[in-house]
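Architecture at a glance
Chain by chain, the residues run as shown.
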Amino acid sequence: DLRRAKKMYANKSDSEKNIEFIYKVLGIPRTIMTSFDFSAPLRQGLIATVNHPFMASDALKFMFQSAKNEKTYNRWLEDVHKDPDFKVAEKIKLGITDPTSLHLREQEEAYQGSQYAEFIPGVKASERAYVGYLNHLRWNLFKMYSDKFKDQGKTFENNPELYKGLASMINSETGRGNMKALD
C-alpha cells in the first residue's frame, strides 16, 4: 500500500498536489466536527440504512468493531480487495473508499482533512468507523444485487450498463454521488 501510495503521489502534477493540499487543510474543521459522533448511518447512509435495515445492522456492528480495532477494518478491506467481484466493483466505480489514499476522490468527504487532524486522539478511529460503515454497506449491497443478476444470467461482461447503474444507485444511496469534478 505504501509503495502504491508513493507511486500515485509521484505521478501527480504540482498543481494537483497543491489543490489537494488546500482541500485537505480546508477539510480539517469538518473532520474534527465529524469525529466522535458515529453519524454515518444517518448522515450519508440514511437512504440505504432505511431501505436495508438488516444489512445496516451488520454494518453498524462492523462500524463499532472498526473504531475499536484497526486490524479488523484492515483485514476486512483486504478481503474485499481479494474478492473476485472486486475487479468488477472497481470497473463500475463502486464507492469503496480508502482513508489512506492520496486521492481525494478515494476518501470520504467528511474526512478529507484527517491526515492533518489524526494527531488528535480518536480522529483516526472515528474515520475508520465512518468509512467502515459505509464501505461495509456498499459492498454488501453490491454483492447482494450482483449475485441476483448472476442468477438471472446477467454478468458485467454481457450487461455492463446494468452494473454501472447498480454502482450509481448504491453510491447515491450512501452519499457517494458523482465526483466527476475530482476525477
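Computed from a predicted structure; not experimentally measured.

Model confidence for the chain is summarised by a mean pLDDT of 83, while 78% of its residues fall at 70 or above. Element-level mean pLDDT values for the chain span from 59 in helix α8 (residues 114–117) up to 96 in helix α7 (residues 86–91).

Two aromatic rings, taken as a pair, are described by how far apart their centres are and by the angle between their planes. Counted according to the given criterion, the structure contains 7 aromatic pairs. Taking 5.1 Å as the distance between ring centres and 50° as the angle between the ring planes, the aromatic pair formed by F62 and W76 counts as tilted. Taken together, the positions of F62 in helix α5 (residues 53–68) and W76 in helix α6 (residues 70–82) put the pair 14 residues apart, joining distant regions of the chain. The buried category is assigned to F62, whose relative accessible area is 5%.

This part is about α5. Compared with an ideal rise of 1.5 Å per residue, which puts 16 residues at 22 Å, α5 spans 23 Å between its outermost C-alpha atoms and is within 8% of the ideal. For α5, the complete set of buried residues consists of M55, A56, A59, F62, M63, S66 and A67. Buried residues along α5 cover an arc of 135° about the axis, so they all sit on one side. Across α5 from its buried face, at more than 90 degrees, point the exposed residues F54, K61 and K68.

So, about helix α10 (residues 160–173). End to end, α10 covers 20 Å across 14 residues, agreeing with the expected 20 Å (1.5 Å per residue, within 8%). Turning to α10, its buried residues number three or more, namely Y163, L166, A167, I170, N171 and E173. End-on view of α10: buried residues confined to an arc of 165°, all on one side of the axis. Each element contacted by the buried residues of α10 is listed here: α4 (46–51), α7 and α9 (123–151). Backbone geometry just after α10 places G175 at a positive phi near 70°.

This part takes up the pattern of salt bridges. Counting across every chain of the model gives 5 salt bridges. The salt bridge involving D83 is made with K143; its shortest N-O contact spans 3.2 Å. With D83 in the loop between α6 and α7 and K143 in helix α9, the pair connects residues that are 60 residues apart, well separated along the chain. With a relative accessible area of 19%, D83 lands in the buried category. Between D85 and K143 there is a salt bridge; the shortest N-O distance is 2.7 Å. With D85 in the loop between α6 and α7 and K143 in helix α9, this residue pair connects regions lying 58 residues apart in the sequence. The structure contains a network of salt bridges with shared partners spanning D83, D85, K143 and K150.

Counting 33 residues, the largest nonpolar core has I92, L94, Y133, L137, W139, F142 and Y163 as its most contacted members. Those elements that provide at least two residues to this core are α5, α6, α7, α9 and α10. Residue contributions to this core peak at 10 residues, all from α9. For Y133, the residues in contact, after removing those within four places along its chain, are A40, P41, T49, A56, A59, L60 and M63.

With that settled, the discussion passes to unusual backbone geometry. Both trends apply: most residues other than glycine have a negative phi, and most peptide bonds are in trans. Located in the positive-phi region is K93, a residue other than glycine, with phi close to 65°. If you trace the backbone, K93 turns up in the loop between α7 and α8. According to the relative accessible area criterion, K93 is exposed, its value standing at 58%.

Right, let's get into the environment of A67. Locating A67 in the fold gives a position in helix α5. Spatially, the C-alpha atoms of A67 and A129 are 4.7 Å apart, while their sequence positions differ by 62 residues. If sequence neighbours within four positions are ignored, A67 has contacts with F38, A125, R128 and A129.

Definitions and cut-offs
- Residues numbered from 1 in each chain as written.
- Predicted model: local features only at pLDDT ≥ 70, side-chain atom pairs only at ≥ 80, totals over all residues.
- Heavy atoms only, no water.
- pLDDT = per-residue confidence, 0-100.
- Helix = DSSP H or I, 4+ residues; strand = E, 2+ residues; numbered from the N terminus.
- Phe/Tyr/Trp six-rings, centres within 6.5 Å; stacked < 30°, edge-to-face > 60°.
- Buried < 20%, exposed > 50% of the residue type's maximum accessible area, 1.4 Å probe, protein only.
- Expected span 1.5 Å × (residues − 1).
- Arc of directions from axis to C-beta.
- Contact = heavy atoms within 4.5 Å.
- Salt bridge = Lys/Arg side-chain N within 4 Å of Asp/Glu carboxyl O.
- Core = buried A, V, L, I, M, F, W, Y, C linked by side-chain atoms within 4.5 Å.

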